[in-house]
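So you can see what is in the structure, the chains are spelled out below.
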Amino acid sequence: VWQEALHFIQGKVPKQVYDTWFTPVHLDRIEDSTAHIGVPNKFFGEWLGTHYGPLLSEAVSAARGGGEVTVSFLVDQKSAKAQDHAAVVSVAKTVAQTKSRRGIQLNPKYIFKNFVVGAGNQFAHAACMAVAEQPGKAYNPLFIYGGVGLGKTHLLNAIGNHVAERTDLRIAYLTTEQFTNEVINSIRYDKMMDLRKRYRHIDMLMIDDIQFLAGKERTQEEFFHTFNALYEGHKQIVLSSDRFPKDMPDIEERLRSRFEWGLIADLQPPDVETRIAILRKKSEDEGIQLPEDVIQYLSTTLKSNIRELEGSLVRLGAFASLTGQKITLEMAKTVLRDLIGDKKKIVAMEDIQDVVCTQFHVKINELKSRRRSKTLVHPRQIAMYLCRELTDASYPEIGRHFGGKDHTTIIHACRQVAKAKDADPAMQTTLEKLKEQILRG
Ligand code: ADP
Ligand code: MG
């Protein structure tokens, strides 16, 4: 029934409307004559109901061969996922459509020109520029590392696009997953020699998210030989990873040490000026009118991930254009509620403590104890700081979760960590990593 209803709808609305509002929803069930439609969030359901409620009833009714149908909306996980998926698919499509003429799978949108440079990415950007200007001569290998959504893929593609435009070098850009699949297929079809030959005739090899080599012994082995052949031929190698080579325990030592042979450049989360600059640039490029208070709101709320920043902008823009309204602060808060709001709610202090304990190899009861050895104070303060940052809990509440400590102890801990974070980029990275782990669940 649902498929038919969708088909009906497809024939009645523009494609953009269909993709945005109908691909993320699904028919949960029909009860009496009410169709219960699963939607990603409450706001989505309200909007869909007001604008396309009658169309939905009509479509379901037609699909069932007639009769009155009313629609009602319920929020569920499945459509929240579908909504994310729809976004991913649309990106994947643009990538597929834009294969370069030499068959390299580069995303033409990721170029140096639209990469905003700020304190956190200046170094990595400069290193990538140098490599793009003189592949094989500047730094080899170039190893870019940084957290999720900070621009690794963008920079790798920018190098590729730059080189492809100016030279005839043979470039291969692929994800570690693609490389792994090629190795697996070559083994299965007994085509290992072909694979080796192919990679050894490349002038520049770029592999994205190399951390996914962890635990894949055969692929590591193959990559090791490819690496050596290219390196000895003075061919450029560029790798990206979400962690530092030393922090990749499931990668063979001989590979890990090779990752450190050239230059390692890190991407740090953007500071507030960079976040504002990115929003300004992207809204301009996309022709989205973003008032100053919305820029302030987004740049102070979405801190650690440029992809989220960009995603929220796209969503706001789509919403504004579909509803024909101007973007306001109030609209931004409603449209992005689930993106921004949920993070605080779902994190439990216990989860934070668990992640911190695992990271620093201490026990929960030690973390909550009053012992003041340095190995305990450090993780304890970090855990307290993260509780403050990731939950809505008050200082006394946090104190209660740490074996009944006074709120002044928590305030002190938060200050200490904040200070350390400002003074020490390594601390910043540690905190970001922990946060990511906690939010991932
Ligand atoms: P990663 O590969 O590190 O997870 P991506 O390269 O996919 O991150 O970046 C996520 C999104 O943010 C991309 O759309 C990218 O274009 C954008 N982005 C990241 N850094 C910047 C930047 N400095 N300036 C402009 N856009 C950026
Ligand atoms: Mg990436």
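Just so we're clear, the structure is a prediction, and the values are computed from it rather than from any experiment.

What counts and what doesn't
Residues numbered from 1 in each chain as written. Chains lettered and ligands numbered in written order. Predicted model: local features only at pLDDT ≥ 70, side-chain atom pairs only at ≥ 80, totals over all residues. Heavy atoms only, no water. Buried < 20%, exposed > 50% of the residue type's maximum accessible area, 1.4 Å probe, protein only. Helix = DSSP H or I, 4+ residues; strand = E, 2+ residues; numbered from the N terminus. Arc of directions from axis to C-beta. pLDDT = per-residue confidence, 0-100. Contact = heavy atoms within 4.5 Å. Near = heavy atom within 4 Å. Polar contact = N/O pair within 3.5 Å; in protein donor to acceptor, adjacent residues only side chain to side chain. Areas by Shrake-Rupley, 256 points an atom, 1.4 Å probe, with all protein chains shown as cover. Nonpolar A, V, L, I, M, F, W, Y, C, P; charged D, E, K, R; others polar. Phe/Tyr/Trp six-rings, centres within 6.5 Å; stacked < 30°, edge-to-face > 60°. Lys NZ or Arg CZ within 6 Å of the ring centre and 35° of its normal. Axes fitted to C-alpha atoms, helices over the stretch in contact; angles between N-to-C directions. Left-handed = near helix turned anticlockwise from the far one by under 90°. Expected span 1.5 Å × (residues − 1). Pairing = 2+ DSSP bridges.

Draft legend 1. Fine view of helix H1 (residues 2-10). If you check which residues of H1 are buried, you get Trp2, Ala5, Leu6 and Ile9. Along the axis of H1, the buried residues cluster in a sector spanning 100°; they form a single face. With respect to the buried face of H1, the exposed residues turned more than 90 degrees away are Gln3, Glu4 and His7.

Draft legend 2. Inspection of the confidence of the model for the protein at higher detail. Per-residue confidence for the protein gives a mean pLDDT of 87; residues scoring 70 or more make up 91%. By mean pLDDT, helix H4 (residues 77-97) is the weakest element of the protein at 50, and strand E7 (residues 236-241) is the strongest at 97. Scored below 50 in pLDDT, residues 87-102 shows 10 contacts in the model against residues more than four places distant or in partner chains. Reported for the predicted complex are a pTM of 0.62 and an ipTM of 0.99.

Draft legend 3. Summary view of the site of ligand 1. As a matter of local geometry, ligand 1 sits amid 18 residues, with Val116, Gly149, Thr153, His154 and Glu310 nearest to it. In this structure, an oxygen atom belonging to ligand 1 sits 2.7 Å away from a main-chain N or O atom of glycine 149. Contact distances for ligand 1 include 3.1 Å between an oxygen atom and a backbone N or O atom of glycine 151. Surface burial for ligand 1 is 95%, taken as the share of its 560 Å² of free accessible area covered by protein chains. Elements represented by at least two residues in the shell around ligand 1 include exactly helix H6 (152-166), helix H11 (272-286) and helix H13 (306-323). In terms of residue class, the shell around ligand 1 is built from seven nonpolar, seven polar and four charged.

Draft legend 4. View of the packing of aromatic side chains. Tallied over the full model, the rule gives 11 aromatic pairs. With centroids separated by 5.7 Å and ring planes inclined at 80°, the aromatic side chains of phenylalanine 179 and phenylalanine 223 adopt a geometry described as edge-to-face. Of this pair, phenylalanine 179 sits in helix H7 (residues 176-188) while phenylalanine 223 sits in helix H9 (residues 217-232), and the two are 44 residues apart along the sequence. Each of the two residues, phenylalanine 179 as well as phenylalanine 223, counts as buried. When the ring of tyrosine 231 is compared with that of tryptophan 261, the centres are 5.0 Å apart and the planes differ by 55°; the resulting orientation is tilted. In this pair, tyrosine 231 sits in helix H9 while tryptophan 261 sits in the loop between helix H10 (253-259) and strand E8 (263-267), placing the two residues 30 residues apart along the sequence. The ring of phenylalanine 224 has arginine 254 sitting right over it, with the charged end atom 3.7 Å from the ring centre. Directly above the ring of tyrosine 395 sits arginine 388, whose terminal nitrogen or CZ lies 4.0 Å from the centroid.

Draft legend 5. Local environment of the packing of helix H16 (residues 349-360) against helix H18 (residues 374-390). At a minimum axis separation of 9 Å, H16 and H18 run at an interaxial angle of 150°. The two elements H16 and H18 cross, and the hand of that crossing is right-handed. Residue-level inspection shows Met349, Ile352, Val356 and Phe360 of H16 in contact with H18, the latter providing His378, Pro379, Ile382, Ala383, Leu386, Cys387 and Leu390. Looking at the contact of H16 with H18, its residues break down into 10 nonpolar, one polar and no charged.

Draft legend 6. Local environment of H7. Compared with the 18 Å implied by 1.5 Å per residue over 13 residues, the 18 Å span of H7 between its first and last C-alpha is a close match. Within H7, the full set of buried residues consists of Thr176, Phe179, Thr180, Val183 and Ser186. The buried side chains of H7 occupy one side of the element, clustering within an arc of 125° when seen end-on. Projecting away from the buried face of H7 at angles above 90 degrees are the exposed residues Glu177 and Arg188. Phi turns positive one or two residues past the end of H7, at aspartate 190, with a value near 60°.

Draft legend 7. Structural context of the sheet that holds E7. Read from one edge of the open sheet, five strands run E5-E6-E7-E4-E8, paired in parallel fashion. Looking at which strands have only one partner, the edges of the open sheet turn out to be strand E5 (171-175) and E8. The sheet shows a mean angle of 15° between the axes of neighbouring strands, taken without regard to direction. For strand E4 (residues 142-146) and E7, the ladder comprises four bridges, and the chain directions are parallel. Bridge pairing in E7 places phenylalanine 143 opposite leucine 239.

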